[in-house]
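# Analysis of the macromolecular model
So you can see what is in the structure, the chains are spelled out below.
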Amino acid sequence: MKTIGELVKKLDMISGIKRVAERCRKKQELLLVGERHIRGSCIRIPCSGAVVEICLGGPDGKILHLQPEIPLTIGEEKQWPTYWLVDMARMTSGHGSFLRLKPKQNLVLGRHSSEQTALFDYSTRISSRHLMILHEGESLQLSDLASNGGTCLRLLPDPPPSLCLATWHQRQRQRLAELFFEGMAVPDDGSIIQPLAAPVAMERLQRAHAVLRTAFLPVNCCPASSTPDPQESSAKGESRAVVSASDHDTDADEEDVAGDTGTAAASPLIHLPVDTLPIVVGDLHAKVDNLLTLLITGGVLAALENGAATLVFLGDAVHPDEVGQYAEMQGSMLIMDIILTLMAHFPGKVLYLRGNHDGFSEEIHKGSVSQGRVWQRVLTETRGKAYRVAMKAFYQDLPYMVVHPHLVATHAAPPVIKISLELLADMRQHPQLIHQVSWNRMHQPRWPSGYREKDIKNLRNVLELGKDVPFVVGHTPMDHEHTAWLHAGEMAHHHIVYSGTLDRVGWLVCLSGGVIHMECPVVHQPGMVV
């Protein structure tokens, strides 16, 4: 909650910006070609499709680019494009540095925004409130707010490929296809991606499982135990009681798992290195285009190749959640092929936490469809029993919690029982604990046994984390319109991210100053076979 003083200060700031913008509007110039250096004045640029180069702080300052998305046409009415504000140098090196500006929106650039400072690496020569950009629809109005060094603007009707976002996205798409097909020919029909053949899928799963067991550091040295799968003993639906139902796998085939290295199970509690940048993805629920969009358009693939980031999936990548699609499992199969490919190609840089839908139990369902059993049947029929058994073993080895100096995350919730570090490190022995972190929800009137702020604080204390370290979960979207809820439930530094919405995909980047919510529209990949 902001104090009265903070609100008054913010209103004064907004009023000041409006006054400057109004003065600029009266003496604004129209930039059609060339470049201008402005300070305390305004330039208007038609939305013609050209790229606008912005240099904050003068000719030697911070370079950003305004790049239009492809304009859409609905009937005879032209829709003005949304613009991307991009730091191309950082974007191509794997930092995913962009903001989006829609028609009739405005954006003030400057160090007043900790998010912008982190995204674009602003230096002290950038003013607190440096430049205001107003998207008027037909034109862009750029007003320098009497900044240090002013602002240089340049129009690029035909930008070089190195500055063209669409060209870079195409290169990222091709790079992902190379990783996915790994030496195989890309399909002649132009598909970027399609489900792998059964033998290739098995090899990819085995490699990813081996990486899972060896590439991540447990929080402490407590040995992980090999026990019956507690996730397959979760309660029916989303009941609050823990039951002892088995997964009804009567084949007794656990000992025949292909690719079992005989090594100890992976730790259920993973510690990420201090020097990595966590990128957190919420429930995808078989939305393949969402995953491809954040990898390609959002720059996450480049971040993995750069080696500076670790991609953390919060589970539930499988099982569609759209009415009428609950039993459709082809998207689930393909999205797991992609995730396993990333895990295999980037050891220690892609982590998948187990969610309540990651398994074959008949109790995993949507509506009247037992998605766990349908998933088991589809994998067996499509790729054979050995693959299904190997996938079960992979599920059983997945961790449930990840810790980093700037993050602690689970699929669903913090524990609500008394815990210790030793208990967390040995949670495979405690089905009740696993049920809580995989199935529970935030306390609400319709969920009275849900977790509260004290449970989050207790988890941070046990893990010896500061009170400002973000706690992040998926599992519980607050509505179907948004992709993230920061400080959810009025709990400080408690965030929910959901990456399975139909038209947008969102994710969180965890920095020392908190989290940044990234979001972009879902791009359908042409020719993709699902």
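Just so we're clear, the structure is a prediction, and the values are computed from it rather than from any experiment. (Residues numbered from 1 in each chain as written. Predicted model: local features only at pLDDT ≥ 70, side-chain atom pairs only at ≥ 80, totals over all residues. Heavy atoms only, no water.)

### Some words on empty space enclosed by the protein
- In total, this model carries 2 cavities of 30 Å³ or more according to the counting rule given.
- Quantified by volume, the largest cavity comes out at close to 80 Å³.
- Elements with a contribution of two residues or more to the lining of the largest cavity: α2 (88-95), β16 (277-281), α7 (300-306) and β24 (504-511).
- Residue classes in the lining of the largest cavity are distributed as 7 nonpolar, 5 polar and no charged. (1 Å grid on protein atoms, 1.4 Å probe; cavity = no way out; pocket = protein on both sides within 12 Å on 5 of 7 lines; lining within 4 Å. Points joined across faces, edges and corners; volume = space filled by probe spheres on them. Helix = DSSP H or I, 4+ residues; strand = E, 2+ residues; numbered from the N terminus. Nonpolar A, V, L, I, M, F, W, Y, C, P; charged D, E, K, R; others polar.)

### Thoughts on the pairing of strand β19 (residues 401-404)
- Along β19, one buried face is formed by Met401 and Val403 and the opposite face, lined by Val402 and His404, is buried too.
- In terms of strand pairing, strand β15 (residues 269-271) meets β19 through 3 bridges, oriented parallel. The partner of Leu269 across the bridge, within β19, is Met401.
- As judged from the 4 bridges shared by β19 and strand β20 (residues 407-410), these two strands associate in the antiparallel manner. (Buried < 20%, exposed > 50% of the residue type's maximum accessible area, 1.4 Å probe, protein only. Pairing = 2+ DSSP bridges.)

### Some remarks on the pairing of β16
- With respect to burial, β16 is a largely interior element, 5 of its 5 residues being buried.
- Residues Leu277, Ile279 and Val281 point to one face of β16 and Pro278 and Val280 to the other, with burial holding for every one of them.
- Alignment of β16 against β24, held across 3 bridges, turns out to be antiparallel. Paired with Val280 across the bridge in β24 is Leu508.

### Overview of the packing of aromatic side chains
- Within the structure shown, the criterion is met by 8 aromatic pairs.
- With centroids separated by 6.1 Å and ring planes inclined at 35 degrees, the aromatic side chains of Phe313 and Tyr352 adopt a geometry described as tilted. Here Phe313, found in strand β17 (residues 309-313), pairs with Tyr352, found in strand β18 (residues 350-352); they are 39 residues apart in sequence, far enough to count as distant. Just as Phe313 is buried, Tyr352 falls in that class too.
- Through successive ring pairs, a cluster of aromatic residues spans Trp84, Phe98 and Trp507.
- Cation over ring: Arg383 sits above Tyr387, and NZ or CZ is 5.1 Å from the ring centre.
- Above the ring of Trp447, the side-chain terminus of Arg441 is found at 5.7 Å from the ring centroid. (Phe/Tyr/Trp six-rings, centres within 6.5 Å; stacked < 30°, edge-to-face > 60°. Lys NZ or Arg CZ within 6 Å of the ring centre and 35° of its normal.)

### Focus on helix α13 (residues 453-462)
- Along α13, the positions that sit buried rather than exposed are Asp455, Ile456, Leu459, Arg460 and Val462. Taken around the axis of α13, the buried residues stretch over an arc of 165 degrees, which confines them to a single face. In α13, those exposed residues whose orientation departs by more than 90 degrees from the buried face are Lys454 and Asn461.
- Looking at the buried positions of α13, the neighbouring elements they touch are β19, β20, α11 (421-425), β21 (471-473) and β23 (494-497).
- With its phi angle positive at about 60 degrees, Glu464 sits one or two positions after the end of α13. (Arc of directions from axis to C-beta. Contact = heavy atoms within 4.5 Å.)

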